[in-house]
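Results of the structural survey
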Amino acid sequence: MTTDSEQLSFHDLGLNDKLLAAIEGMGYQTPTPIQANTIPYVLQGRDVLGQAQTGTGKTAAFALPLLHNMDLSGKEQLPQVLVLTPTRELAIQVAESFENLSKNITKLDVISIYGGQEYGRQIQALRRGVQVVVGTAGRIMDHMRKGTLKLDALKALVLDEADEMLRMGFIDDVKWVLSHTPEACQRLLFSATMPRDIIGIVNEYLREPCKVQIKTKTATAKTVHQRFLVVKGLSKLDALDRILEVEDTDGVMVFVKTKTSTMEVADGLKARGHLAVAINGDMQQNQREHIIDQLKSSKINILVATDVVARGLDVERISHVINYDLPQDNEAYIHRIGRTGRAGREGDAISLIYIKDMRQLRMLERVIRHTIEEMQLPSATAIIEKRVARFKHEVAEVIRHKDLSKFKALMQDFQVEYGAETEDMLAALALLAQGDKKLFIKEIQVQDQRNERRGRDDQDARGLRGKRTERDQRGFRSQNRGERDLDMSMRTYRIEVGRNDGIEPRNIVGAIANEAGINSRHIGHIKLFDKFSTVDLPADTPKQVIEHLKKVWVGGKKLDIKEDGR
Ligand code: AMP
């Protein structure tokens, strides 16, 4: 069922004054469609099957009516509401929503319970008495088995993001919890998609559920062609450089994570011959406006920005949005790519990711309900074709518009003096005229990570790249490797590849930078020994990154990185 929610107010829905005051305090003006449709059913005590995504306001859709129905009159301190979530992050977020919405209700306590947290603290909190428990299925199950979480007084059970719990393999735990909650308790299940197993749960555990389906408009405009590129074997900057060469671009927005990266990436692009400018929150408003005007009037083509700065930016000529770094959350992605495909035009969005980002990308696809197509790194052939076409065009333009008489005389002289063939002469001039961006480049060979030969091939590839853009490469190094924050605390790690494996420091830098997404300027001193090497990395490098690096291949061997305990 879907009704028009615009006319309704929270007051019309019959929520009590304390909740209305909290809602007002949070700045919610009108109920979202999922709230307008779900709240009345939950207030009536009905089971509900809600199909809605994150971002639709579904948390308040179940939290508000459940809080309204809560019985706080008795001395009973046992939990009345249990919410199961697929992740600890969601558990924390949902618990926070309950807390915010119930802030005017005294005698009400909320707790989030999830794996990885000390049992002791959780047990103490449960003993003190809580009315709302939000947690992940496994840990909730543990407490139920231990008897530290008693659900005899439970009035409502919510399964939030049920399809995600299914995908993460928690469905048996969820069923176990369901079958150990009181028969009479109200059950609400929310899921963005309805796979067969979820429908199975609905049929088995929900009683004549009211169905609420919120058909969100496709979150991302249909006019935007969304692609991603897995970057391997070269830096993101070089990958972006290649993309910009072959794509038909007009205005381009490049999104990065931090203010510092806006400068780094803009500088890197400038060094590669692009009209790029950084825009970030450190700049004065009028300075930012000036830059946006320049983009509008085509004085610059590429803007490198953070999410914050790009809010509300409306420039029609943006043909491409590049996610140089994936955004923190899905909403930011939707917002970013909405900068293109404006005013009925077509647009392109390209995300540059490392293999480790694949999971985040897949999650994103689920939320935006749109497949993001994989693209390949533009081949050398494609680049050569573009460069040659551009070169021919430039030559034709010079012939058409410039006075060449003096140069004709010069070349005639030259021909007589050197006895050169016309063809040779033209070819030599073409070679000279190609400038920094050579017309004929070689293909980059990138092997699969599982391939034993990877290290060697990578080395070859880097060798080729080194020749192709030696100047750029040096520039990049000096900007990025050279300017490492001196006060950054570093830790020495040992890696199981060494001189005998035919590697050089640059292979290690490349592999770590590309595979783990560590900025090369954060990679410190590298010492090569025969059978192993050491590399300094920031002391706060996350554990997962180190774990990921263990499996990265260089010189035909796994890095198997660990803290240097020699
Ligand atoms: P959710 O889908 O529950 O994750 O909520 C998405 C976001 O919408 C959260 O930041 C909520 O605080 C916010 N939100 C929920 N309901 C409303 C509402 N009626 N009006 C404005 N914002 C809301």
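The subject of this paragraph is the side chain of Thr340. Structurally, Thr340 is set in the loop between helix H14 (330-337) and strand E13 (347-353). Of the residues examined, Thr340 reaches a relative accessible area of 1% and is grouped as buried. A distance of 2.8 Å separates the side chain of Thr340 from the backbone oxygen of Ile318, its partner in a polar contact. With residues near it in sequence (within four places) discarded, Thr340 still touches Val224, Ile318, Ser319, His320, Val321, Glu346, Gly347 and Asp348.

Sheet strands associate in pairs through backbone hydrogen bonding, adopting either a parallel or an antiparallel arrangement. Read from one edge of the open sheet, four strands run E16-E17-E15-E20, paired in antiparallel fashion. Of all the strands in the sheet, just strand E16 (526-528) and strand E20 (562-563) have a single pairing partner and so form its edges. In this structure, strand E15 (residues 490-495) lies alongside strand E17 (residues 533-538), joined through six bridges in antiparallel fashion. Its bridge partner being in E17, Tyr493 is matched across the sheet by Val535. This element, helix H21 (residues 505-516), spans E15, E16 and E17 of the sheet and lies at about 130° to E16.

This next bit is on helix H22 (residues 543-550). Residues of H22 that are buried include every one of Val545, Ile546, His548 and Leu549, and no others. Taken down its axis, H22 places every buried residue within 160° of arc, on the same side. Residues of H22 that are exposed and point over 90 degrees away from its buried face: Lys543 and Gln544. On the buried face of H22, the contacting elements are E15, H21 and E17.

What follows deals with the pattern of salt bridges. Considering all chains together, one arrives at 23 salt bridges under this definition. Asp248 serves as the salt-bridge partner of Lys386, at 3.9 Å between the closest nitrogen and oxygen. Remark: Asp248 occurs in the loop between helix H10 (236-246) and strand E9 (251-255) and Lys386 occurs in helix H16 (residues 380-401); sequence separation between them is 138 residues. Take Asp248: its relative accessible area is 67%, and that puts it in the exposed class. With a closest N to O distance of 3.4 Å, Lys557 and Asp501 form a salt bridge. With Lys557 in strand E19 (residues 557-558) and Asp501 in the loop between E15 and H21, this residue pair connects regions lying 56 residues apart in the sequence. By relative accessible area, Asp501 is classed as partly exposed at 22%. Look at the salt bridges and you will find they share partners, linking Arg494, Glu496, Asp560 and Lys562 into a network.

One way to put it is that H21 packs onto H22 with a least axis distance of 10 Å and a crossing angle of 120°. Between H21 and H22, the angle is such that the two are oblique. Regarding H21 and H22, the two cross each other, and that crossing is right-handed. Across from Ile512, Glu515 and Ala516 in H21, the residues of H22 making contact are Val545, His548 and Leu549. Here the residues of the contact of H21 with H22 sort into four nonpolar, one polar and one charged.

Let's shift gears to the packing of helix H3 (residues 58-69) against helix H4 (residues 88-101). The geometry of a pair of packed helices is captured by two quantities: the angle between their axes and the separation between those axes. Relative to each other, H3 and H4 sit at 45°, their axes nearing to 10 Å. Relative to H4, the element H3 is oriented oblique. The handedness of the crossing between H3 and H4 is right-handed. On the side of H3, the interface is formed by Thr59, Ala60, Phe62, Ala63, Leu64 and Leu67, while H4 contributes Val94, Ser97, Phe98 and Leu101. Counted by class, the contact of H3 with H4 contains eight nonpolar, two polar and no charged residues.

Looking at the element boundaries, Arg227 is found in strand E8 (residues 224-230). You can call Arg227 buried: its relative accessible area is 9%. A polar contact of 2.8 Å, which involves the side chain of Arg227, links it to the side chain of Asp348. Not counting residues up to four positions away in its chain, the partners in contact with Arg227 are Glu247, His320, Asp348, Ala349, Ile350, Ser351, Ile372, Glu373 and Met375.

So, on to the packing of aromatic side chains. Scanning the model with the defined rule gives four aromatic pairs in all. Seen in terms of ring centroids, Phe62 and Phe190 are 5.3 Å apart; in terms of plane orientation they differ by 40°. Their pairing is tilted. You can see Phe62 sitting in helix H3 and its partner Phe190 sitting in strand E6 (residues 186-191), a full 128 residues away along the chain. The buried category is assigned to Phe62, whose relative accessible area is 0%.

So, on to the sheet that holds strand E1 (residues 48-51). Across the sheet, seven strands lie side by side as E3-E4-E2-E5-E6-E1-E7; this open sheet has parallel pairing. Of all the strands in the sheet, just strand E3 (110-113) and strand E7 (210-213) have a single pairing partner and so form its edges. Direction aside, the axes of adjacent strands within the sheet are offset by 15° on average. Where E1 meets E7, four bridges bridge the pair, whose relative direction is parallel. Looking at E7, one finds that Gly50 is bridged to Val212. Along the sheet, H3 contacts strand E2 (81-85), strand E5 (156-159) and E6; its crossing angle with E6, the most-contacted strand, is approximately 170°.

Rules behind the numbers
- Residue numbers restart at each chain and count upward from 1, following the sequence in its written direction.
- Where local features are concerned, this predicted model is filtered to residues with pLDDT of at least 70; where side-chain atom pairs are given and counted, the filter is 80 or more; whole-chain, interface and lining totals use all residues.
- To get the side-chain values, all heavy atoms of the structure are used, and hydrogens and water are removed first.
- Put simply, DSSP H or I for four residues or longer makes a helix, DSSP E for two residues or longer makes a strand, and each gets a number counted from the N terminus.
- Buried means the residue's accessible area, taken with a 1.4 Å probe over protein chains only, is under 20% of the maximum for its type, while exposed means over 50%, and partly exposed covers the values in between.
- Polar contact criterion, stated in full: a pair of N or O atoms within 3.5 Å, where within protein one must be able to donate a hydrogen and the other to accept it, and residues adjacent in sequence count only if both atoms are side-chain atoms.
- Contact definition: two residues touch when any of their heavy atoms are within 4.5 Å.
- Strand pairing requires that DSSP identify at least two bridges connecting the strands.
- Each axis is a line fitted through C-alpha atoms, taken for helices only over the stretch in contact, and angles between the N-to-C directions span 0 to 180 degrees.
- It is the directions from the helix axis to the C-beta atoms whose arc is reported.
- A carboxyl oxygen of Asp or Glu within 4 Å of a side-chain nitrogen of Lys or Arg is what we treat as a salt bridge.
- Oblique is the label for any angle not under 35 degrees, not over 145, and not in the 65 to 115 range, which are roughly parallel, roughly antiparallel and roughly perpendicular in turn.
- With the far helix as reference, a near helix turned anticlockwise by less than a right angle produces a left-handed crossing, and one turned clockwise produces a right-handed crossing.
- Nonpolar residues are Ala, Val, Leu, Ile, Met, Phe, Trp, Tyr, Cys and Pro. Charged residues are Asp, Glu, Lys and Arg, and all others, Gly as well, are polar.
- For Phe, Tyr and Trp, where Trp contributes only its six-membered ring, two rings pair if their centres lie within 6.5 Å, and the inter-plane angle classes them as stacked under 30 degrees, edge-to-face over 60, or tilted in between.

None of this, on its own, says anything about what the molecule does.
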